[in-house]
Amino acid sequence: MDVFDELLQGVRGKGAVFGRSMLWPPWSLRFTDGAYLTMCMPLRGAGWIVPEGGEPLRVEAGDAAIVRGPAPFVFTDEPANGTGPGGGSGPDSGSGEHVREVRWRRGQDMADAPGGDPELDSPTVLLVATYDVRTEVPQRLLRALPPALVVSDDEDCSPLRDYLEARMGGRRPGDQIVLDRLLDWMLVCTLRDWFDRPEADPPGWYGALGDEVAGPALRAMHEDPAHPWTTAELASRAGVSRTTLAKRFTELVGDGPVAYLTEWRMTLAADLLTRPELTVAAVARRVGYADAFGFSAAFKRLRGESPSAYRREAVASEAVG
């Protein structure tokens, strides 16, 4: 498993909306459910993503748009339909009967939007998936995303899109899980294509994965984060000196190998602390610390709170959510 795969393991569709919605102009959908990520894919027709406080983005059939929450946004047939009397682009400023607020529930299909003449207007067919990503590991990648992005279709994702549409509306046992996983695949495909685009701003470690010096060290730390890695041992993986590794790694990633390893261990620990069956000492051992004291000191230094305090807040947040 590479680093990209590992970071996206926690991104899962959980009964997101799977259904074809016939949207006759004029129409606007205001998304207010606070999802961490929302993916919109017009299967036919087109529309505009209007993020809160951002510029409208055109989304054509075959494109995939990803909006990073939890701020609301509008998907509309015309950008003016997502703006208020003062010309602002905030989703809450839209008005008119064609503006419909959307709060998704598990397994809910979208109803047909009102308005339009079927004889005169062509409908937009929209597929939407929402993702509630609370774990720390995938957020290392997802925080690098802009508020909204659009990726044009290519040969990698188009067969998956066609198969996904063909499976919608099925009534066989397990269809919800099948669609969940298909949309997970579509999301990963879209994110991979986005980070390969010149306008993307991926985190430093993403580019370092393909580097002949930093890449082997980075992959070694992710394969076995609990190992007592030293700069010398990591340098041997790349066949270079400690000085060469430290310089190249810092140039690409922004931190030295040891500092990166510590931060990655604390990210893993943050997710492990949400598991009630694991003691703080058990979490410490899983991320390479011999005792809870040294681990707690490192966690508080990087996270600003003790592991126990983090666990209490995480449990309380999960109960509210």
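Residues numbered from 1 in each chain as written. Predicted model: local features only at pLDDT ≥ 70, side-chain atom pairs only at ≥ 80, totals over all residues. Heavy atoms only, no water.

**Comments concerning the pattern of salt bridges**
Okay, step 1: Applying the stated criterion across every chain, the model contains 7 salt bridges.
Okay, step 2: Note that Glu251 is salt-bridged to Lys247, the shortest N-O span being 2.6 Å. Highlighted residues: Glu251 and Lys247, both in helix α8 (residues 242-253), separated by 4 residues, approximately one helical turn. (Salt bridge = Lys/Arg side-chain N within 4 Å of Asp/Glu carboxyl O. Helix = DSSP H or I, 4+ residues; strand = E, 2+ residues; numbered from the N terminus.)

**Brief notes about the packing of aromatic side chains**
Okay, step 1: Scanning the model with the defined rule gives 8 aromatic pairs in all.
Okay, step 2: Aromatic side chains Phe195 and Tyr206 sit 5.2 Å apart centroid to centroid with 40° between the ring planes, which places their arrangement in the tilted category. With Phe195 in helix α4 (residues 175-195) and Tyr206 in helix α5 (residues 204-208), the pair connects residues that are 11 residues apart, well separated along the chain.
Okay, step 3: Aromatic pair Phe299 and Tyr310: ring centres 5.6 Å apart, planes at 70°, arrangement edge-to-face. Of this pair, Phe299 sits in helix α11 (residues 292-303) while Tyr310 sits in helix α12 (residues 307-320); the two residues are 11 residues apart in sequence, bridging distant segments of the chain.
Okay, step 4: A residue is classified by how much of its surface remains accessible, and Tyr310, at 13% relative accessible area, is buried.
Okay, step 5: Three or more aromatic residues joined by ring pairs form one cluster here, namely Tyr289, Phe295, Phe299 and Tyr310. (Phe/Tyr/Trp six-rings, centres within 6.5 Å; stacked < 30°, edge-to-face > 60°. Buried < 20%, exposed > 50% of the residue type's maximum accessible area, 1.4 Å probe, protein only.)

**Section: the environment of Val59**
Okay, step 1: Note that Val59 resides in strand β5 (residues 57-60).
Okay, step 2: Once the C-alpha coordinates of Val59 and Ala46 are considered, the two residues, 13 residues apart in sequence, prove to be 5.7 Å apart.
Okay, step 3: With sequence-adjacent residues up to four places away left out, Val59 is seen in contact with Pro42, Ala46, Gly47, Ile49, Ala65, Phe75 and Val150. (Contact = heavy atoms within 4.5 Å.)

**Here's the deal with the confidence of the model for the chain**
Okay, step 1: For the chain, per-residue confidence averages 79 on the pLDDT scale, and 71% of positions sit at 70 or higher.
Okay, step 2: Ignoring residues within four places in sequence, the model shows residues 84-97, a span with pLDDT below 50, making 31 contacts including any to other chains.
Okay, step 3: The low-confidence segment residues 103-111 (pLDDT under 50) makes 31 contacts with residues lying over four places distant or belonging to another chain. (pLDDT = per-residue confidence, 0-100.)

**Some words on the nonpolar core**
Okay, step 1: Counting residues in each nonpolar core, the largest one holds 62 residues, and the members touching the most others are Met39, Phe249 and Phe295.
Okay, step 2: Ranked by residue count, the leading element in this core is helix α9 (residues 257-272), at 8 residues.
Okay, step 3: Among all residues touching Phe249, those that are not within four sequence positions of it are Ala214, Ala217, Leu218, Met221, Gly254, Asp255, Gly256, Pro257 and Tyr260. (Core = buried A, V, L, I, M, F, W, Y, C linked by side-chain atoms within 4.5 Å.)

**Regarding the side chain of Glu136**
Okay, step 1: When you line up the elements, Glu136 lands in helix α2 (residues 136-142).
Okay, step 2: At a separation of 3.1 Å, a polar atom in the side chain of Glu136 contacts the side chain of Arg303.
Okay, step 3: Excluding residues within four positions of it along the chain, Glu136 makes contact with Arg143, Thr267, Ala270, Asp271, Arg303 and Tyr310. (Polar contact = N/O pair within 3.5 Å; in protein donor to acceptor, adjacent residues only side chain to side chain.)

**Section: the pairing of strand β9 (residues 124-131)**
Okay, step 1: Burial analysis of β9 places 8 of its 8 residues in the buried class, the great majority of the element.
Okay, step 2: By the alternation rule, side chains of β9 split into Thr124, Leu126, Val128 and Thr130 and Val125, Leu127, Ala129 and Tyr131, which are all buried.
Okay, step 3: When strand β3 (residues 37-44) meets β9, the two strands line up antiparallel, connected through 7 bridges. Among the inter-strand pairings, Met41 is bridged to a residue of β9, identified as Leu127. (Pairing = 2+ DSSP bridges.)

**Focus on the environment of Asp224**
Okay, step 1: Along the chain, the position of Asp224 falls in the loop between α6 (214-223) and α7 (231-238).
Okay, step 2: The sequence separation of Asp224 and Arg286 amounts to 62 residues, and the corresponding C-alpha distance is 10.0 Å.

**Remarks on the packing of α9 against α11**
Okay, step 1: Put simply, α9 and α11 touch, their axes get as near as 10 Å, and they point 100° apart. Judged on the interaxial angle alone, α11 and α9 are roughly perpendicular. Contact with α9, carried on its side by Thr262, Glu263, Met266, Thr267, Ala269 and Ala270, involves Phe295, Ala298, Phe299, Arg301, Leu302 and Arg303 of α11 and no other residues of that element.
Okay, step 2: A class-by-class count of the residues in the contact of α9 with α11 yields 7 nonpolar, 2 polar and 3 charged. (Axes fitted to C-alpha atoms, helices over the stretch in contact; angles between N-to-C directions. Parallel < 35°, antiparallel > 145°, perpendicular 65-115°, else oblique. Nonpolar A, V, L, I, M, F, W, Y, C, P; charged D, E, K, R; others polar.)

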